[in-house]
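These are the residues of each chain, in order.
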Amino acid sequence: MGKKGFCQLTTPFESGNNRSWEEYPRPQMKRKSYISLCGEWELSVLKKNEKTPLGNITVPYPPESRISGINRPLAKNEQYVYNRKFTLPDDFNKGNVILHFGAVDCFADVRINGTPAGGHNGGYLPFSFNITKLLKTGENLIEVYVTDKLNTEYAYGKQRNKRGGMWYTPISGIWQAVWLESVPENYIKTLCLTPSLDSIKIETEGGENEKTVVIHTEKGDIVHKWTGDKTVIRIPEPKLWSPENPYLYEFTLTDGTDEIQSYFALRTIDIQQKNGRSYICLNDKPYFFHGLLDQGYFSDGIYTPATPEGYEYDILTMKKLGFNMLRKHIKIEPDLFYYYCDKYGMIVFQDMVNSGKYNFLIDTALPTMGIRRGIKHRASKLRRIHFESSAEKTVIHLYNHPCVCYYTIFNEGWGQYDADRIYEHMKDIDPTRVWDATSGWFKEKLSDVDSEHIYFKPIKLKARPERPLVLSEFGGYSCKIEGHSFNLDKNYGYRTYNTKEEFQKGLGELYENEVIPAIRNGLCAAVLTQVSDAEDETNGLVTYDRQVIKVDEKAMNDISAKINAIFDETTK
């Protein structure tokens, strides 16, 4: 038993036989010079210039999580201070040593041997520092000072100090991998991969002038040399990426003494007209995106599963249940999550991480009743700068992943401002994906799709000719499993079922009577709430601890088969 009223839930990923977070954290820019800094660090709390040791913390688990070894929140006016000592192997330094952080929530000040290396704000994106000149022979010290006041001017997602209902336990500090790599004096700083159905465009920044790529195919290697920062390579007998056949082309890119292992996939995503309606097309063909809302919370490490197997479990289990898409909801995951989606064939609809205050009346209650226009939020200059900069960096960060096919800018009016302007800007940055400017309600003029959320009334939808119709949230049915639920006293969901059998029946009727008929009216994507329970919410297809699957595999695959049959019939 955990805290009063809450159950301590253990996941299958906590076993000592499982993998750790020392797996290479960036599979699309993999170098041989890699040192993981995950594992034990010293953690102290700093308040009023007085530092108090808390003991050892296991990185990358946030201090609020049970498996971090700390299990305490960051109080007001406190800072966390992380310490880690390391010694580089004699042959490690090739000219530059780069220190990488996957993500730190929310403000990080990094020092090497007492000297500032740099700072970063925002809790969801990677950052790095060249620490070469700060290193000394022998043992070195990293210090990371973390501040996190859960300031709503910055992206904060589903975190709230007063957790409960659809709001979850807040986290702080290091919650993704930390690692070192060494690169030569001139090295490739960025790699940008843009596929078509028969070619790959490779763009780089940095490095020497001449580059060589060796692409491994079933018919043999393709060797291509070029000078400059970009090239296009034709792929003979191309194999296209899809959830049904997630084929990845692995390659090696060499530039002087810099060598990178990476991969790409051939696939396109666009919007096309067919039979007087608009559809989202995968590889030039209309495709039904049968998906789930994915919060990315775990009962062991909250934001971070005990091992990467937590992500693999969610992806593979949802595929086993017949789904081909996850809507990653208001959270950006470690790069390994997107790699597994690439590898196993799971499309990702990616949300930007919202900022701004949330108002239940304005953002949920009135829109649910049908009042969905004329309400706007104000955004300070600071919030505008941070949100738009983070959105741009998110697109750059995830650009190479073939699984990422669709972005949501604003969700249910939360923090929404200038949606048309931001849509145009983001579409200009990445025209290769579908852009949902306003998911749920409060529509403005511009968006690639019509995006609807329906929870408390029957689903009755009909597509307009000019835009694809997406049911970007629905369902939310609750089934609380005794012994596998976080909150012993309270429950959150939109319709309650007492047994797995009743839950399955309710879901089946929802699809049969409401979702599938909407496909005949032009629906081309549907996002059920949700993958897993998350704290008070018990509306997942699996429990928060990933120990119980609540639905029947055959029944769910029968639903998927019927969806595809009806969709294929309507798009012939």
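Residues numbered from 1 in each chain as written. Predicted model: local features only at pLDDT ≥ 70, side-chain atom pairs only at ≥ 80, totals over all residues. Heavy atoms only, no water.

Chemist: Explain the layout of surface pockets to me, please; I cannot follow it from the model alone.
Modeler: Here the idea is plain: a probe the size of a water molecule rolls over the atoms and shows the empty space left. Empty space within the largest pocket amounts to approximately 1,100 Å³. Residue assignment for the lining of the largest pocket shows that the elements contributing at least two residues are β5 (96–101), β9 (127–130), β12 (178–183), β13 (188–195), β14 (199–206), α2 (335–344) and α4 (381–398). For the lining of the largest pocket, the per-class residue count stands at 21 nonpolar, 12 polar and 10 charged. (1 Å grid on protein atoms, 1.4 Å probe; cavity = no way out; pocket = protein on both sides within 12 Å on 5 of 7 lines; lining within 4 Å. Points joined across faces, edges and corners; volume = space filled by probe spheres on them. Helix = DSSP H or I, 4+ residues; strand = E, 2+ residues; numbered from the N terminus. Nonpolar A, V, L, I, M, F, W, Y, C, P; charged D, E, K, R; others polar.)

Chemist: Is there a simple way to think about the side chain of S439 in this case?
Modeler: If you trace the backbone, S439 turns up in strand β27 (residues 434–439). Only 3.5 Å separates the side chain of S439 from the side chain of R327, close enough to count as a polar contact. Separated by 3.4 Å, the side chains of S439 and S451 make a polar contact. The residues touching S439, leaving out its near neighbours within four places in the chain, are R327, T408, F410, N411, E412, S451, H453 and S472. (Polar contact = N/O pair within 3.5 Å; in protein donor to acceptor, adjacent residues only side chain to side chain. Contact = heavy atoms within 4.5 Å.)

Chemist: Could you clarify how one ought to interpret empty space enclosed by the protein in this entry?
Modeler: In the structure shown here, the tally under the stated rule is 1 cavity of 30 Å³ or more. Counted as a void, the largest cavity has a volume near 40 Å³. Lining the largest cavity are T438, K443, E444, L446, S447, V449, D450, S451 and R467. Tallied by class, the residues present in the lining of the largest cavity amount to 2 nonpolar, 3 polar and 4 charged.

Chemist: Which parts of the structure should I look at to understand unusual backbone geometry?
Modeler: Residues apart from glycine generally show negative phi values, whereas peptide bonds are mostly found in trans. A cis amide bond, omega 20 degrees, links V59 with the succeeding residue P60. Position of P60 among the secondary structure elements: in the loop between β3 (50–59) and β4 (79–87). The residue after T529, namely Q530, is reached through a cis peptide bond having omega 10 degrees. In this fold, Q530 is placed in the loop between β32 (523–529) and α7 (553–570). The phi dihedral of R546 falls on the positive side, at around 60 degrees, and the residue is not glycine.

Take it as geometry only, folks, not as evidence of what the structure does.
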